[in-house]
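Residue-level structure breakdown
Here are the chains, one letter per residue:
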Amino acid sequence: MNAWTPLTAIVPAAGVGKRMAADIPKQYLPLAGRTVLEHTLSRLLEHPAITRIVVATGEQDEWFPTLAIARDTRIERVIGGRERADSVLNALARVDTGRVLVHDAARPCLHRCDLDALLTAADQPQGAILACRVRDTMKRGDGRGAIMESVSRDELWHALTPQCFATGPLRRALSAALRQGLAITDEASAMEWAGFHPRLVEGRGDNIKITRPEDLALAAFFLQQMIESET
Ligand SMILES: Nc1ccn([C@@H]2O[C@H](COP(=O)(O)OP(=O)(O)OP(=O)(O)O)[C@@H](O)[C@H]2O)c(=O)n1
Ligand SMILES: C[C@](O)(CO)[C@H](O)COP(=O)(O)O
């Protein structure tokens, strides 16, 4: 039985979900009887290591306070920023544990086994991320709708979340990278820029990020499978 070191999780939930093209932000869309965000928050709070969550929501977000889970005293809300990295940095200002885990609100299908594996692998200075190897042949386009080249799949991974790092180094790396105007789309990018080599932890391919309309039904299927396997 692992004796987990308590840590805080950050959940960036301040996006508008442009690619989902729904009439509300995708993190508040109904999924298997709850909202996407409630599933994500619950998955994290079920783990004994996660004792607190800082959720970054949009400034105009009127949905979050209506959720029952918003009254959970382990959850604190901050206002997000223009980009995901800005939202994470705003939330980092409220984190005082030695390590911090960042997990997208849009990824509700996180399995306990993956979270256990990530937390175990992240217990070293480089940090760690969940990732899964690419499955398809990869092409690079020429920008005009034609193939320019095939890209080797060797050691090509999809970065997922959660991603887990020492809080201080992540805060410094993210702040510095954003000050440099770098396009930071995940926490590992900032840490790599700062000279770290985060560990890759192979995770499940059903830990999808709900991004486009067709992802919602897939997430519902994966969640149903997960719930059935846990009962
Ligand atoms: N300024 C932002 C942008 C995104 N996110 C969050 O980061 C996660 C991953 O981002 P993404 O899937 O890109 O969500 P959106 O930005 O909402 O999607 P889109 O790019 O289609 O608008 C989501 O949980 C989203 O809510 C955030 O907290 N703050
Ligand atoms: C953090 C992330 O989910 C890792 O793949 C991804 O970078 C988020 O990107 P998005 O453009 O904000 O969806």
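The rules we used
Position numbers for residues count from 1 along each chain, tracking the sequence in the order it is written. The order in which chains are written sets their letters, starting at A; the order in which ligands are written sets their numbers, starting at 1. This being a predicted model, a pLDDT of at least 70 is required before a residue's local features are given, and a value of 80 or more before pairs of side-chain atoms are given or counted; all residues contribute to the totals for chains, interfaces and linings. Calculated side-chain values reflect all of the structure's heavy atoms, with hydrogen atoms and water omitted. Only DSSP runs of H or I covering at least 4 residues are called helices, and only runs of E covering at least 2 are called strands; the numbering of each starts at the N terminus. Exposure categories follow from relative accessible area, calculated using a 1.4 Å probe and restricted to protein chains: below 20% of the type maximum is buried, above 50% is exposed, and the middle band is partly exposed. Contacts are assigned to residue pairs that have any heavy atoms within 4.5 Å of one another. Polar contacts, as counted here, are pairs of nitrogen or oxygen atoms within 3.5 Å of one another; within protein the pair requires one atom able to donate a hydrogen and one able to accept it, and residues that are adjacent in sequence qualify only if both atoms are side-chain atoms. Throughout, near means a residue has at least one heavy atom within 4 Å of the molecule or strand. Only the protein chains shown count as cover for residues, and all accessible areas are computed by the Shrake-Rupley method using a 1.4 Å probe. Only protein atoms enter the calculation, which uses a 1 Å grid: trapped sets of points that fit a 1.4 Å probe without letting it out are cavities, open sets showing protein on both sides within 12 Å along at least five of seven lines are pockets, and any residue with an atom within 4 Å of a point is a lining residue. Assignment of a molecule to a cavity or pocket requires that more than half of its atoms lie within 2 Å of the corresponding grid points.

Some points on the environment of Arg107
Residue placement: Arg107 occurs in the loop between strand 6 (99-102) and helix 3 (112-121). Residue classification places Arg107 among the buried residues on the basis of a relative accessible area of 7%. Sequence-distant contacts of Arg107, defined by excluding residues within four places in its chain, comprise Thr40, Ala159, Leu160, Thr161, Asn207, Ile208 and Lys209. Only 3.0 Å separates the side chain of Arg107 from the side chain of Asp104, close enough to count as a polar contact. A distance of 2.9 Å separates a polar side-chain atom of Arg107 from the backbone oxygen of Asn207.

So, the site of ligand 1
Lining the immediate environment of ligand 1, one finds 19 residues, of which Gly17, Lys18, Arg19, Lys26 and Ser87 sit closest. Between Ala13 and ligand 1, the recorded distance is 3.2 Å, taken from a backbone N or O atom to an oxygen atom. At 3.0 Å, a backbone N or O of Gly15 approaches an oxygen atom of ligand 1. For ligand 1, the protein covers 90% of the area, taking 560 Å² as the surface of the free molecule. Assessed atom by atom at 2 Å from the grid points, ligand 1 resides in the largest pocket. Of all the secondary-structure elements, those providing two or more residues to the shell around ligand 1 are strand 1 (7-13) and helix 2 (84-92).

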